[in-house]
Amino acid sequence: MICPETGEPFFNEKPPRNRLVAAMKACGIRHRPAYNARHTYATMMLMDGLNPVFVSNQMGHSLQMMMKRYAKWMHGEKNKIEMGKLKTD
């Protein structure tokens, strides 16, 4: 990650983490660990139809582990269409 003020790389995770905490506070969002963003990132990529192999590489997971954890998010809107076909009457 690059510091926007200096253009230099951050040498540890503390400055970006502090910025995230400040941004959440400014937006009125309750604190949550930065690690949660990993799940959001993976979920958004899968819901947008990105290749699962690419996503697993981005996350540093094996394809098997990534599928076990995130497969339910893989078809996004297609899942809603399929669920709409169920006859529940």
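Please refer to the structure placed before this passage.
Residues numbered from 1 in each chain as written. Predicted model: local features only at pLDDT ≥ 70, side-chain atom pairs only at ≥ 80, totals over all residues. Heavy atoms only, no water.

Draft legend 1. Focus on the nonpolar core. By size, the foremost hydrophobic cluster in this structure holds 8 residues: Ala 42, Met 45, Leu 46, Val 55, Met 59, Met 66, Tyr 70 and Met 74. Looking at this core, the elements that each hand over two or more residues are helix H2 (36-47), helix H3 (52-59) and helix H4 (63-70). Considering every element that reaches this core, the biggest residue donor is H2, with 3 residues. If sequence neighbours within four positions are ignored, Leu 46 has contacts with Pro 52, Val 55, Met 66, Tyr 70, Trp 73 and Met 74. (Core = buried A, V, L, I, M, F, W, Y, C linked by side-chain atoms within 4.5 Å. Buried < 20%, exposed > 50% of the residue type's maximum accessible area, 1.4 Å probe, protein only. Helix = DSSP H or I, 4+ residues; strand = E, 2+ residues; numbered from the N terminus. Contact = heavy atoms within 4.5 Å.)

Draft legend 2. Broad picture of the packing of H3 against H4. One can describe the packing of H3 onto H4 by two numbers: an axis separation of 9 Å at closest approach and a directional angle of 100 degrees. Classified by the interaxial angle, the pair formed by H3 and H4 is roughly perpendicular. Residue-level inspection shows Pro 52, Val 53, Val 55, Ser 56 and Met 59 of H3 in contact with H4, the latter providing Leu 63, Met 66, Met 67 and Tyr 70. Here the residues of the contact of H3 with H4 sort into 8 nonpolar, 1 polar and no charged. (Axes fitted to C-alpha atoms, helices over the stretch in contact; angles between N-to-C directions. Parallel < 35°, antiparallel > 145°, perpendicular 65-115°, else oblique. Nonpolar A, V, L, I, M, F, W, Y, C, P; charged D, E, K, R; others polar.)

Draft legend 3. Expanded view of the environment of Met 44. As for its position among the elements, Met 44 is in helix H2. Taking C-alpha positions, Met 44 is 22 Å from Arg 19, a pair spaced 25 residues apart along the chain.

Draft legend 4. Structural detail: helix H1 (residues 14-27). Relative to the 20 Å expected for 14 residues at 1.5 Å per residue, H1 spans 20 Å between its end C-alpha atoms, a close match to the ideal helical length. Directly beyond the C-terminal end of H1, a positive phi value near 75 degrees is found at Gly 28. (Expected span 1.5 Å × (residues − 1).)

Draft legend 5. Region of interest: a nonpolar patch on the surface. Judged by side-chain polarity, Val 53, Leu 63 and Met 67 come together as a nonpolar surface patch covering roughly 220 Å² of accessible area. On the secondary structure map, Met 67 appears in helix H4. (Patch = residues over 30% accessible without salt bridge, like charges linked within 9 Å, V, L, I, M, F, W, Y side chains within 5 Å. Areas by Shrake-Rupley, 256 points an atom, 1.4 Å probe, with all protein chains shown as cover. Salt bridge = Lys/Arg side-chain N within 4 Å of Asp/Glu carboxyl O.)

Draft legend 6. Structural detail: the packing of H2 against H4. The geometry of H2 relative to H4 is characterised by a closest axis approach of 11 Å and an angle of 90 degrees between their N-to-C directions. Judged by the inter-axis angle, H2 sits roughly perpendicular to H4. Packed against H2, whose contacting residues are Arg 38, His 39, Ala 42, Thr 43 and Leu 46, the element H4 presents Met 66, Arg 69 and Tyr 70 at the interface. Looking at side-chain class alone, the contact of H2 with H4 contains 4 nonpolar, 2 polar and 2 charged residues.

Draft legend 7. Main features of the environment of Lys 25. Mapping Lys 25 onto the fold places it in helix H1. Counting along the chain gives 23 residues from Lys 25 to Ile 2, while the straight-line C-alpha distance between them is 22 Å.

Draft legend 8. Here's a closer look at the side chain of His 61. Mapped onto the elements of the fold, His 61 is located in the loop between H3 and H4. Overall, His 61 belongs to the buried group, its relative accessible area being 19%.

By themselves, these observations are geometric and do not establish any function.
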